[in-house]
Amino acid sequence: MSYDQWMMEAIREAEQAEAKGEVPIGAVLVREGEIIGRGHNLRESHQDPTAHAEMIAIREAARLLGGWRLAGCELYVTLEPCPMCAGAILLSRLDTLIYGAYDPKGGCAGTLMNLPRDDRFNHQVEVVGGILEQECGELLRDFFRKLRERRK
């Protein structure tokens, strides 16, 4: 499958988050052409600041594989990861991070900083940004527009 096809899987996860009233961010973790972890934002539902889509997908994949090292895996996420998620991506030894929309306020995979590519760490992750950027960004823009309208 192509980057676009896997990102569409992440978008489906984001849509599940939105259906629950969560910020629509989704992630899928892929190894050898198979999804081994899925996640979508659950911060509000779980009242857990770490319940980001990426963290959930990484935890699920680690459980499935029986270890924390996720070498040979790719993570697809609809929004550029925050510092926490970028750190978890780096520490889990993923091969590649692919994301959709850039995050000018919190993105730590190229926008504000680039933790996964920082050569001061003993591992670096390949980063590809902007995959289905328009579609991923539109999910977020629509969600926040609707939220503002409801608050009026």
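Bear in mind that the values here come from a model prediction, so they are computed numbers and not experimental data. Counting restarts for each chain: residues are numbered from 1 in the order of the written sequence. Reporting of local features is limited, given that this is a predicted model, to residues whose pLDDT is at least 70; pairs of side-chain atoms are given and counted only at 80 or more, and all residues count toward the totals for whole chains, interfaces and linings. Derived side-chain values reflect all non-hydrogen atoms in the structure, with water molecules and hydrogen atoms excluded from consideration.

(A) Highlighting the pairing of strand 2 (residues 34-40). Each pair of strands is called paired provided DSSP finds at least two bridges between the two strands. Helix and strand definitions follow DSSP, with helices as H or I runs of at least four residues and strands as E runs of at least two, each counted in order from the N terminus. Bridge analysis of strand 1 (residues 26-31) against strand 2 gives six bridges, and the strand direction is antiparallel. Paired with L29 across the strands is G37, a residue of strand 2. The turn joining strand 1 and strand 2, which pair antiparallel and follow one another in sequence, is formed by two residues; a positive phi near 50° is taken by E32.

(B) The arrangement of the pattern of salt bridges in detail. Note on definitions: salt bridges are taken to be side-chain nitrogens of Lys or Arg within 4 Å of carboxyl oxygens of Asp or Glu. One pass over the full model with this rule turns up seven salt bridges. With a shortest N-O distance of 3.2 Å, R38 and E13 are connected by a salt bridge. Here R38 is found in strand 2, whereas its partner E13 is found in helix 1 (residues 3-19), with 25 residues between them in sequence. Accessibility here uses a 1.4 Å probe with only protein chains present; expressed as a share of the type maximum, an area under 20% marks a residue as buried, one over 50% as exposed, and anything in between as partly exposed. Since its relative accessible area comes to 30%, R38 is described here as partly exposed. A salt bridge links E138 to R141; its shortest N-O distance comes to 3.1 Å. Residue E138 and its partner R141 are both found in helix 5 (residues 133-151); the two are separated by three residues, about one turn of the helix.

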